[in-house]
Number of protein chains: 2
Amino acid sequence: MEKAVIDLLKSYQLRTTTVRKQVLDLFMQSKHALGKTNIEAQLEEIDRITLYRTLRTFEQKGIIHEAVDGSGKTKYALCSHECSEHAHHDHHAHFYCSLCENTVCMDSITVPEVSLPEGFRINSAQLILSGVCQNCQ
Amino acid sequence: MEKAVIDLLKSYQLRTTTVRKQVLDLFMQSKHALGKTNIEAQLEEIDRITLYRTLRTFEQKGIIHEAVDGSGKTKYALCSHECSEHAHHDHHAHFYCSLCENTVCMDSITVPEVSLPEGFRINSAQLILSGVCQNCQ
DNA sequence: ATCTTCGCTGCAACAATGTTGCGTTAGAGC
DNA sequence: GCTCTAACGCAACATTGTTGCAGCGAAGAT
Ligand SMILES: [Mn+2]
Ligand SMILES: [Mn+2]
Ligand SMILES: [Zn+2]
Ligand SMILES: [Zn+2]
């Protein structure tokens, strides 16, 4: 189990430190997106600032992406393979459960193309769905 | 000009205070969504906490709605007429300009319906578009 | 295996934003 | 005008974001 984490870090030319292995392992095991608070709760020893920078690094490298869910809290989830440094390609929707407050990537739902009024140039699009998830019905 | 603001406040059974009139007036004149910092800059005398509660009240009453744009900063814009207390009905997209950092409501673009996997119940949906706006081309 | 280098960590410190309590102020109805 | 109570404004605290810097440790070289 360690091996997959280490390999992934190495493939991105990142040092395989304890913190990074722990955080990345959490992401690989989690079924939903993780917020900072969430991670801190599971890794009690972890330093707040180090986690902040770890997530920033992971995002810049294209390992994780921000899952905007309208809850006001920033969450992150593993990227798909197409993502790389400086270029995220996560064109799927995110579902936010208002009961358990978890957010999951809906890989099966792609963000629909829309036509904008004259003068607007669009670079990316995000679709946020809110409701009640499977577990909370 | 004052009259429209006062009438709107009264129609929601809200006291017509100086702060509320000022804030609501800003919203009615602005072409894009407003964040707290933005409002504070334009109303220099305003108290930070009072503004916070004013916006919360306006949102609860259905006068303004949150415009999620993925920038991490919460912004607000006037609701359409269908919105009411405890029931927002803003099914339009929001466009965020990465240059001027303004967010505008795209009333012409409605959030498309999507079909979710079994077990999910959907209550609302939001569509965020990012790019460069008219003025920044 | 030990050394060296440089990226990473962890602490301090500060900024920005969100939130509640409470005494004072002022709007609305009488 | 007077009364009642909603709204204001200040203090105080919580949470989150961000940078600087000294010490640690992972990775490659010897
Ligand atoms: Mn995702
Ligand atoms: Mn809007
Ligand atoms: Zn749930
Ligand atoms: Zn712009």
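Here the structure is shown first, and the text comes after it.
Please read these numbers as outputs of a predicted model, since none were measured by experiment.

A. Broad picture of the overall build of chain A. The helix and strand tally for chain A stands at four helices and six strands. Element order for chain A, N to C, with α for helix and β for strand: α-α-β-α-α-β-β-β-β-β. Over its C-alpha atoms, taken along the principal directions, chain A stretches across nearly 50 × 35 × 25 Å. Within chain A, the fraction of its 137 residues that count as buried is 40%. Long-range contacts, defined here as pairs at least 24 residues apart, represent 48% of the contacts in chain A between residues at least 6 apart. With an accessible surface of roughly 7900 Å², chain A has 46% of that area assigned to carbon and sulfur atoms. Each charge sign in chain A was given a centre, from 14 positive and 17 negative side chains, and these centres are 7 Å apart.

B. Fine view of the relation of the copies chain B and chain A. When chain B is fitted to chain A, the best match, at an RMSD of 0.1 Å, comes from turning it 179° and sliding it 0.0 Å along the axis. One copy is carried onto the other by what is essentially a two-fold rotation axis. Distance from the rotation axis, computed per C-alpha, reaches its smallest value in chain B at B:Leu127: 2.3 Å. The residues that chain B uses at the interface reappear at the interface of chain A in 97% of cases, marking a shared surface.

C. Structural view of the protein's contact with DNA strand C. Around DNA strand C, 21 residues are found, and the nearest of them are A:Thr17, A:Arg20, A:Arg53, B:Arg48 and B:Arg53. Here, DNA strand C places atoms within 4 Å of the protein, and 58% of those atoms are sugar or phosphate. In the model, a phosphate oxygen of DNA strand C is placed 2.8 Å from a nitrogen or oxygen of the A:Arg20 side chain. A distance of 2.4 Å separates a base oxygen of DNA strand C from a polar side-chain atom of A:Arg53. Contributions of two or more residues to the surface near DNA strand C are made by α2 (18-29) and α4 (48-61) of chain A together with α3 (36-42) and α4 (48-61) of chain B.

D. Expanded view of the coordination of the zinc ion (ligand 4). Residue and element names in this part refer to chain B. Every protein donor of the zinc ion (ligand 4) is accounted for by Cys97 (SG), Cys100 (SG), Cys133 (SG) and Cys136 (SG), and the metal-donor separations fall at 2.2 to 2.4 Å. Given four donor atoms and angles of 105 to 117° at the metal, the environment of the zinc ion (ligand 4) is assigned as tetrahedral. For the zinc ion (ligand 4), all donor residues lie on one chain, and their spacing in sequence is C-x2-C-x32-C-x2-C. With a gap of 33 residues between them, Cys100 in the loop between β4 (92-97) and β5 (103-110) and Cys133 in the segment after β6 (121-132) connect regions that are remote in the sequence. Relative accessible area serves as the criterion here: at 9%, Cys133 is assigned to the buried category.

E. Layout of the pattern of salt bridges. One pass over the structure, following the stated rule, counts four salt bridges over all chains. Between A:Lys75 and A:Asp69 there is a salt bridge, with its nearest N and O atoms 3.0 Å apart. Across the pair, exposure class does not vary: A:Lys75 and A:Asp69 are buried alike. A salt bridge links B:Asp7 to B:Lys3; the nearest nitrogen and oxygen atoms lie 2.7 Å apart. Of this pair, B:Asp7 and B:Lys3 both sit in helix α1 (residues 2-11), four residues apart, which is roughly one turn of that helix.

F. Representation of the protein's contact with DNA strand D in the model. In the neighbourhood of DNA strand D, 22 residues make up the surrounding shell, with A:Arg48, A:Arg53, B:Thr17, B:Arg20 and B:Arg53 lying closest. Of all atoms in DNA strand D that approach within 4 Å of the protein, 59% are sugar or phosphate atoms. Here a phosphate oxygen of DNA strand D sits 2.8 Å away from a polar atom, N or O, in the side chain of B:Thr17. The side chain of B:Thr50 places a nitrogen or oxygen atom 3.4 Å from a phosphate oxygen of DNA strand D. Of all the secondary-structure elements, those providing two or more residues to the surface near DNA strand D are α3 (36-42) and α4 of chain A together with α2 (18-29) and α4 of chain B. Broken down by class, the residue content of the surface near DNA strand D amounts to five nonpolar, six polar and 11 charged.

G. Quick look at the nonpolar core. With 25 residues, the main nonpolar core has A:Phe95, A:Met106, A:Leu127, A:Leu129, B:Phe95, B:Leu127 and B:Leu129 as its most contacted residues. Contributions of two or more residues to this core are made by β4 (92-97), β5 (103-110) and β6 (121-132) of chain A together with β4, β5 and β6 of chain B. Residue contacts for A:Phe95: discarding those within four places in its chain leaves A:Asn102, A:Thr103, A:Val104, A:Met106, A:Leu129, A:Ser130, A:Gly131, A:Val132, A:Cys133, B:Leu116, B:Phe120 and B:Arg121.

H. Here's a closer look at the interface of chain B and chain A. Chain B puts 32 residues into the contact, and the matching count from chain A is 31 residues. The interface formed by chain B and chain A includes zero salt bridges. Linking chain B with chain A are 13 residue pairs in polar contact (both at pLDDT 80 or more). Broken down by element, the residue count for the side of chain B that touches chain A peaks at 12 residues, all from β6(B). Here the side of chain B that touches chain A is composed, by residue class, of 18 nonpolar, 11 polar and three charged. Bridge count between β6(A) and β6(B): 11 bridges; the pairing is antiparallel. Opposite A:Gln126, over in β6(B), you have B:Ile128 as the bridge partner.

Parameters at a glance
- Residues numbered from 1 in each chain as written.
- Chains lettered and ligands numbered in written order.
- Predicted model: local features only at pLDDT ≥ 70, side-chain atom pairs only at ≥ 80, totals over all residues.
- Heavy atoms only, no water.
- Helix = DSSP H or I, 4+ residues; strand = E, 2+ residues; numbered from the N terminus.
- Buried < 20%, exposed > 50% of the residue type's maximum accessible area, 1.4 Å probe, protein only.
- Contact = heavy atoms within 4.5 Å.
- Areas by Shrake-Rupley, 256 points an atom, 1.4 Å probe, with all protein chains shown as cover.
- Lys, Arg positive; Asp, Glu negative; His and termini not counted.
- Charge placed at Lys NZ, Arg CZ, Asp CG, Glu CD.
- Least-squares fit on C-alpha atoms with pLDDT ≥ 70 in both.
- Near = heavy atom within 4 Å.
- Polar contact = N/O pair within 3.5 Å; in protein donor to acceptor, adjacent residues only side chain to side chain.
- Donors = N, O, S within 2.8 Å, 3.2 Å for Na, K, Ca; no water.
- Tetrahedral: all angles 85-135°; square planar, octahedral: opposite > 155°, others 65-115°.
- Salt bridge = Lys/Arg side-chain N within 4 Å of Asp/Glu carboxyl O.
- Nonpolar A, V, L, I, M, F, W, Y, C, P; charged D, E, K, R; others polar.
- Core = buried A, V, L, I, M, F, W, Y, C linked by side-chain atoms within 4.5 Å.
- Pairing = 2+ DSSP bridges.

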